[in-house]
Amino acid sequence: MIELVLRIGFSLLIVFGLMWGLAKVVRRPLTGRHRTPNLAVLDRQQLARGAVVTVVQVADKALILGVTDQYVSLLGETDLQPFEPPPTVHTKVRDPVSLEPEVPLPDVTLPADLAVKHRGGRLDGSVLSPGTWRQTMEFLRDRTSRK
């Protein structure tokens, strides 16, 4: 009985060791395959489930390719300039600005027709906005109420 347990344990140890070794080999990049900077996908747009238009950089040219499940066809060429990243602009860090007014502002009351209505905050139109939930509830009340 002990001999059987030792055989099964040894066999499992060998199988797990082989699996671990294969996993290490598969994760390692293949030598000889390296990415060239002369070939890159600049942009792509899905047109249908199996159709894509792709802009590919090949050396100093930008090629427009139509790609489907069965074919890749050349649609044309374009300039590389629209696809180049914009130059990085180094901005100087400014000193913090105080938001408190140095001189108190006079209290001015505008007539109702000249008063600017509050247009909302950053959350307007999003799921987190209370106004969105209010409009949703009003819509649902209108749809579910019997007339």
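Reading the values: rules and limits
- Residues numbered from 1 in each chain as written.
- Predicted model: local features only at pLDDT ≥ 70, side-chain atom pairs only at ≥ 80, totals over all residues.
- Heavy atoms only, no water.
- Helix = DSSP H or I, 4+ residues; strand = E, 2+ residues; numbered from the N terminus.
- Buried < 20%, exposed > 50% of the residue type's maximum accessible area, 1.4 Å probe, protein only.
- Contact = heavy atoms within 4.5 Å.
- pLDDT = per-residue confidence, 0-100.
- Pairing = 2+ DSSP bridges.
- Axes fitted to C-alpha atoms, helices over the stretch in contact; angles between N-to-C directions.
- Expected span 1.5 Å × (residues − 1).

Colleague: I'd like to hear about the overall build of the chain, residue by residue, with values.
Modeller: When helices and strands are counted, the chain shows 2 helices and 4 strands. Secondary structure elements of the chain, listed N to C terminal, follow the sequence α-β-β-β-β-α. A buried classification covers 9% of the 147 residues belonging to the chain. In the chain, the share of contacts with a sequence separation of at least 24, taken over all contacts with a separation of at least 6, comes to 5%.

Colleague: Lay out the confidence of the model for the chain with the relevant residues and their values.
Modeller: Per-residue confidence for the chain gives a mean pLDDT of 76, with 65% of residues at or over 70. Helix α2 (residues 130-144) is the least confidently modelled element of the chain, averaging 79 in pLDDT, while helix α1 (residues 2-27) averages 91, the highest of any element.

Colleague: Tell me about the sheet that holds strand β1 (residues 39-48), residues and numbers included.
Modeller: Strand order in the open sheet made by the 4 strands is β1-β2-β3-β4, with antiparallel pairing throughout. Each of the sheet's edge strands pairs with one partner strand only, and the pair in question is β1 and β4 (72-78). Sheet twist, expressed as the average angle between the axes of neighbouring strands with direction ignored, equals 25°. Of the strand pairs in this sheet, strand β3 (residues 61-67) and β4 are connected by 6 bridges, and their pairing is antiparallel. Across the sheet, the residue bridging to Val67 is Val72, located in β4.

Colleague: Explain the environment of Thr78 residue by residue, including any values.
Modeller: The topology assignment puts Thr78 in strand β4. Given the relative accessible area of 30%, Thr78 is considered partly exposed. For Thr78 and Val56, which are 22 residues apart along the polypeptide, the C-alpha to C-alpha distance reads 9.9 Å.

Colleague: Before we move on, can you summarise the pairing of β4 with the specific residues and values?
Modeller: Within β4, only 0 of the 7 residues are buried, which leaves it mostly out in the open. Two successive antiparallel strands, β3 and β4, enclose a turn made up of 4 residues.

Colleague: Go over α1 with me, naming the residues and quoting the values.
Modeller: With 26 residues, α1 extends 37 Å between its outermost C-alpha atoms, agreeing within 8% with the 38 Å of an ideal straight helix rising 1.5 Å per residue. Burial runs low along α1: only 0 of the 26 residues are buried.

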